Structures are given as C-alpha cells and as structure tokens.
Amino acid sequence: MFKKTVIAATLAVASVPLTQAQAADYTIDTEGQHAFVQFKISHLGYSYILGSFENFSGDFSYDPEDLDATSVNVEVDVASLNSNHAERDKHILSDDFLDAGEYPTATFASTGFESNGDDEGVLTGDLTLHGETVEIEMPVTLVGEGEDPWGGYRAGFEGSTMLTLADFGIDMGDFPEMMHELELYVTFEGVRQ
Amino acid sequence: MWRNTRSGWGLVSIALHWLSALAIVGLFALGWWMTDLGYYDEWYNLAPWWHRSVGVLLLVATLLRVIWRLMLPAPVARGPRLERIAAHIGHIGLYVLMLVALVSGYLISTADGRGIDVFGWFQAPAFISDLPNQATLAGTIHWYSALALIILAGGHTLAALKHHLVDRNDVLLRMIDPTRSRRG
Ligand code: HEM
Ligand code: HEM
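Within an unreviewed UniProt entry, the label attached to chain B reads Cytochrome b561, and the organism entered is Halomonas korlensis. Recorded in UniProt under Sequence similarities (unreviewed entry), the annotation for chain B is "Belongs to the cytochrome b561 family." Among the UniProt annotations of chain B, the heading Cofactor (unreviewed entry) holds the following wording: "heme b".

The name an unreviewed UniProt entry assigns to chain A is Polyisoprenoid-binding protein YceI, from the organism Halomonas korlensis.

Listed below in structure tokens is the structure:
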C-alpha cells in the first residue's frame, strides 16, 4: 500500500512539469522560416536601410492560462546579416560596427513579461549584442494561434523596439543623430512541442 | 618584338608587367586609404569605384598575361642555381598572390550576386555569390594577400636591382627593351 502511494505520488509529481511543458513550450519555426529578425535604420534622414538576420534559433513558453510564465530565448548568428548590399554587409559586420568576428552571436533572454490584456504585453529581457548586455523592453502582440494544416499547433507573435546603438558600445558618432538608433522588429511563429 | 623568346621579353609581356606593377601599387595605396575614409568624405563612394574598376581590368589583363606566358618560351634565367630557383619560386608566388588578391577582391563585391560596374563601360558579371559570409571572408583574404603581394614585390624589386647594379647582367634591361627578344 505504502509502496503504491509513493509510486503514484512520484508519478503525479513527475508528470506535472511534463504536462505543463507540453501546454506551453514552442520552438521558433526557423526550419520552415516563419520567423524574421529585422532592423530598420535611417539613412542620412532621407530613407531607411532595412536588413535582416537570416540564421537564428530560439524557443519560447507561452500559456494563455499563465501569462506570467511567458519566456523567450533567441540566439542569432550575427554574420548572417543581409541588407541587400554585400559591401555594406561586410562593413556593418566589421569592427567599425557589429564586429561579428569577435562577437559572432547575439542573444535575447527574457526576464519578465507584463500582460496588458487583449493579446498584448511587454517583454523584458537581456539583449546581448556586440558583447554588451542591455536590458530592453519590447512590446509584443499575439498575432494568432491555432492548429496548422500539417497536424501541429502554432502561435505567432510580433514585437518591435528602438535600440540606441551606443548602449551596445557601437559608435555612430560619425553619422547624423537620427542614425544613432534603430528599430528592431521581430516576428515568429512557434510550433508547440 | 611582340613575342617572348629565349633571349628577351616581347612587348606584350613588358607592357603587361609594368602596367600591372603600376596598377598593383596604386590599388594597394588606394585600398589602404579608401577603407579609412569617413562616411561624409567626397571619395567615400568614388574611391572604391575606381578601385573596383581598375581591379577588374587588371584581373582580365592578368588572366591573359598568364595564358600568354604559358604559350611562349621565357628568357633564360641568369645567376647561380640557387638564385635561379629562388627567382622561379618567387615569380610563381607573385602570380599566385596577384590572382588571389584579384579574385578575392572580385568576390567581395559580387558576394550578393550583383555585377561590378567598370568605369560605367560595362558590368563584370557575378559568377560566385552567396557563399556563407562571403564578403567578410573574401575581405580578410583580400587584405592579407594584397599585403603579402606588396611585400614580395618589394623583394622582387630589390632582386631586379641587384641583377642590374651588382651582377650587371641584362635581366632588368630585357624587361624594359623589347628589341632584346630578337637577339639570338
Ligand atoms: C592586386 C590587386 C589589388 C590590390 C593590391 C588590392 C588592395 C586592396 C587593399 C590594400 C584594400 C584595403 C583592405 C583593408 O584595409 O581591409 C582593398 C580593399 C578592397 N578591394 Fe582591393 N585590391 C586589388 C584588387 C581588387 C579587385 C579586383 C577588386 C574588385 C573587383 C577589389 C575590391 C576591393 C574592395 C571592395 C575593397 C574594400 C573592402 C572593404 O570594404 O573593406 N580589389 N584592396
Ligand atoms: C607590384 C609589382 C610587381 C609585380 C607584381 C611583378 C611581377 C613580376 C612577375 C610575376 C615576373 C615574372 C615573369 C615570368 O617569369 O613570368 C616579373 C619579372 C620581372 N620583374 Fe617584376 N613585378 C613587379 C615590379 C617590378 C619592379 C618594380 C621591377 C624593377 C625595378 C621589376 C623587375 C622585373 C624584372 C627585371 C623581371 C624579369 C625577370 C627575368 O627576366 O627573369 N618588377 N615581375
């Protein structure tokens, strides 16, 4: 009897995190690449340069019943930057700016989430770029979730925030004021695990 | 006169040698200078345009130069055996470094599949693009090969001067005077 109780209790305890994990853990769909990490920065105040990081991976936990437990982790291969101009990419990746040779990966690890209701909230987390870790806030929106046509379950988000490049030790002193910060835009779909 | 013989270099090889030498020294200085220009410098876009345009022409000229060199005999080497071997290896090194510097430069500019505008005359097509991190890797190779080329060419120049001033043989003169290729 005692033995049975112990086994039952152990099973119950062991299965709790498991079922929770199943409800909330998603892998960002980089395989089917329904995921984008992009930036937008002024060019002299006359137009914008758009670029994206093509290789990254990540996962997140999202449970509508327990939004406080929301978390996101993303790891970006900095050298996969593409701004549609090879020589500019090379220059951005050089030690004048991102120094991808020295700092090949950028990471984001969330530390908190504040829900505003209506499928919106603000994600807080540590963004590491150019070797500098800075706490940022990013307003995010649930774009949609549901079953996909291939037997999986997906949830997708978008979010954007302004980054001041000097915070990350990137010197934009040679460029006009409006080029000192950029907009980071992220959107991805996660496949529930 | 035009062709190389056992006794001297023809006009084609002489012209290619000196134009290439001039272009290489110029490209090196230009490349060094232009990569330090500020964004607001008037030359920020123009200097790389010159560098790429001259570079592509030199790449074509160098490919023809190598073909021309392989098709014809070359003047007999002078000096003791060890010097001749060193000269031979050095010359192969110069050709290899020229080609590596030229091709790596080409691969920087064509990394996203775009061709290179040459003086507004024509577009050099992009044959190889979208390799992982192509522009940055090609750029690193470009810098080190260009540096090695300039250093080796410096040694090569000293050797040429030694032939002329110390050994007092015709090695330098036959790279200047194409009529020497006609003597038997
Ligand atoms: C033997 C011929 C060449 C020499 C000696 C040469 C030399 C140089 C040097 C010294 C630099 C500066 C490198 C640095 O500071 O990182 C440079 C940069 C550059 N070269 Fe060349 N180069 C040659 C041919 C070419 C060719 C054929 C092209 C393209 C068609 C080219 C395209 C470039 C470009 C785009 C840069 C700028 C790279 C950057 O943004 O940092 N070069 N070159
Ligand atoms: C960037 C500069 C230079 C480069 C890349 C270069 C390259 C070469 C190469 C590849 C050859 C080998 C020819 C062959 O056997 O196929 C050669 C020959 C020669 N170079 Fe240069 N050269 C440069 C500058 C100079 C200078 C400044 C001088 C003289 C002061 C010079 C003097 C000679 C002479 C005399 C020969 C003929 C050697 C012989 O007949 O055996 N070169 N050069």
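A. Here's a closer look at the overall build of chain B. Per the secondary structure count, chain B includes five helices and two strands. Each helix (α) and strand (β) of chain B, taken in turn from the N terminus, gives the series α-α-α-β-β-α-α. Put simply, chain B has 184 residues, and 36% of those count as buried. Partitioning the contacts of chain B with sequence separation of at least 6, the portion at a separation of at least 24 is 70%. If you sum the accessible surface of chain B, you get close to 11,000 Å²; carbon and sulfur atoms cover 71% of it. Of the charged side chains in chain B, 15 are positive and 10 negative; the average position of the first set lies 19 Å away from that of the second.

B. Highlighting the coordination of the iron atom of ligand 1. Residue and element names in this part refer to chain B. Around the iron atom of ligand 1, the donor atoms from the protein are His51 (NE2) and His142 (NE2), and they sit 2.0 Å away. Coordination geometry of the iron atom of ligand 1: the six donor atoms subtend angles of 86 to 179 degrees at the metal centre, consistent with an arrangement described as octahedral. Here histidine 142 lies in helix α4 (residues 134-167) and histidine 51 lies in helix α2 (residues 43-71), a separation of 91 residues in the sequence.

C. Just the packing of helix α3 (residues 81-109) of chain B against α4(B), in detail. Residues and elements named next belong to chain B. One way to put it is that α3 packs onto α4 with a least axis distance of 8 Å and a crossing angle of 150 degrees. When the axes of α3 and α4 are compared, the pair comes out roughly antiparallel. Relative to α4, the crossing made by α3 is left-handed. When the residues that make up the contact of α3 with α4 are grouped by side-chain class, the tally is 15 nonpolar, 11 polar and three charged.

D. View of the coordination of the iron atom of ligand 2. Residues and elements named next belong to chain B. Taken together, His17 (NE2) and His156 (NE2) make up the protein donors of the iron atom of ligand 2, found 2.0 Å from the metal. Of note is the iron atom of ligand 2, whose six donor atoms meet at the metal with angles of 85 to 179 degrees in an arrangement that counts as octahedral. Here histidine 17 is found in helix α1 (residues 11-34), whereas its partner histidine 156 is found in helix α4, with 139 residues between them in sequence.

E. Focus on the site of ligand 1. Around ligand 1, the structure places 23 residues, and the nearest of them are Lys90(A), Gly31(B), Thr35(B), His51(B) and His142(B). One finds residues of chains A and B in close proximity to ligand 1. Within the side chain of Lys90(A), one N or O atom sits 2.7 Å away from an oxygen atom of ligand 1. In the model, a nitrogen atom of ligand 1 is placed 2.7 Å from a nitrogen or oxygen of the His142(B) side chain. Counting only elements with at least two residues in the shell around ligand 1, the list comes to α2 (86-93) of chain A together with α1, α2, α3 and α4 of chain B. Looking at the shell around ligand 1, its residues break down into 13 nonpolar, seven polar and three charged.

F. Focus on the packing of aromatic side chains. The final tally for this structure, using the stated rule, is 18 aromatic pairs over all chains. With a centroid separation of 4.9 Å and an interplanar angle of 70 degrees, the aromatic rings of Tyr39(B) and Tyr44(B) are classed as edge-to-face. The ring of Tyr48(A) carries Lys40(A) above its face, with NZ or CZ at 4.3 Å from the centroid. Here the basic side chain of Arg192(A) rests over the ring of Tyr153(A), its NZ or CZ set 4.1 Å away from the ring centre.

G. Here's a closer look at the UniProt feature "domain: Cytochrome b561 bacterial/Ni-hydrogenase" (unreviewed entry) in chain B. Feature annotation in UniProt places "domain: Cytochrome b561 bacterial/Ni-hydrogenase" (unreviewed entry) on residues 9-176 of chain B, given in this structure's numbering. Taken end to end, residues 9-176 of chain B is 71% helix and 4% strand, and its first and last C-alpha atoms sit 8 Å apart.

H. Structural detail: a nonpolar patch on the surface. Residue and element names in this part refer to chain B. Together, Trp33, Trp43, Leu46 and Trp50 give the surface a local cluster of nonpolar side chains, amounting to about 410 Å² of exposed area. When residues in the nonpolar patch are grouped by element, the largest group, three residues, is from α2. Its location among the elements puts leucine 46 in helix α2.

I. Quick look at the site of ligand 2. Residue and element names in this part refer to chain B. Taken together, 19 residues are adjacent to ligand 2, and Trp9, His17, Arg69, Tyr95 and His156 come closest. At a separation of 2.4 Å, an oxygen atom of ligand 2 approaches a polar side-chain atom of arginine 69. Counting only elements with at least two residues in the shell around ligand 2, the list comes to α1, α2, α3, α4 and α5 (171-174). Classifying every residue of the shell around ligand 2 gives 12 nonpolar, four polar and three charged.

J. Region of the structure containing the confidence of the model for chain B. Per-residue confidence for chain B averages 96 on the pLDDT scale, and 99% of its residues sit at or above 70. For this predicted complex, the interface confidence score (ipTM) comes to 0.80, while the overall pTM stands at 0.86.

K. Up close: the interface of chain B and chain A. The interface is formed by 13 residues belonging to chain B together with 13 residues belonging to chain A. In this assembly, chain B and chain A are joined by one salt bridge. Among the salt bridges present, the one from Glu87(A) reaches Arg52(B), with a minimum N-O distance of 2.7 Å. No other element matches α4(B), which puts three residues into the side of chain B that touches chain A. When the residues that make up the side of chain B that touches chain A are grouped by side-chain class, the tally is six nonpolar, four polar and three charged.

Scoring rules and cut-offs
- Residues numbered from 1 in each chain as written.
- Chains lettered and ligands numbered in written order.
- Predicted model: local features only at pLDDT ≥ 70, side-chain atom pairs only at ≥ 80, totals over all residues.
- Heavy atoms only, no water.
- UniProt positions renumbered as here; feature names shortened; annotations may be inferred.
- Helix = DSSP H or I, 4+ residues; strand = E, 2+ residues; numbered from the N terminus.
- Buried < 20%, exposed > 50% of the residue type's maximum accessible area, 1.4 Å probe, protein only.
- Contact = heavy atoms within 4.5 Å.
- Areas by Shrake-Rupley, 256 points an atom, 1.4 Å probe, with all protein chains shown as cover.
- Lys, Arg positive; Asp, Glu negative; His and termini not counted.
- Charge placed at Lys NZ, Arg CZ, Asp CG, Glu CD.
- Donors = N, O, S within 2.8 Å, 3.2 Å for Na, K, Ca; no water.
- Tetrahedral: all angles 85-135°; square planar, octahedral: opposite > 155°, others 65-115°.
- Axes fitted to C-alpha atoms, helices over the stretch in contact; angles between N-to-C directions.
- Parallel < 35°, antiparallel > 145°, perpendicular 65-115°, else oblique.
- Left-handed = near helix turned anticlockwise from the far one by under 90°.
- Nonpolar A, V, L, I, M, F, W, Y, C, P; charged D, E, K, R; others polar.
- Near = heavy atom within 4 Å.
- Polar contact = N/O pair within 3.5 Å; in protein donor to acceptor, adjacent residues only side chain to side chain.
- Phe/Tyr/Trp six-rings, centres within 6.5 Å; stacked < 30°, edge-to-face > 60°.
- Lys NZ or Arg CZ within 6 Å of the ring centre and 35° of its normal.
- Patch = residues over 30% accessible without salt bridge, like charges linked within 9 Å, V, L, I, M, F, W, Y side chains within 5 Å.
- Salt bridge = Lys/Arg side-chain N within 4 Å of Asp/Glu carboxyl O.
- pLDDT = per-residue confidence, 0-100.

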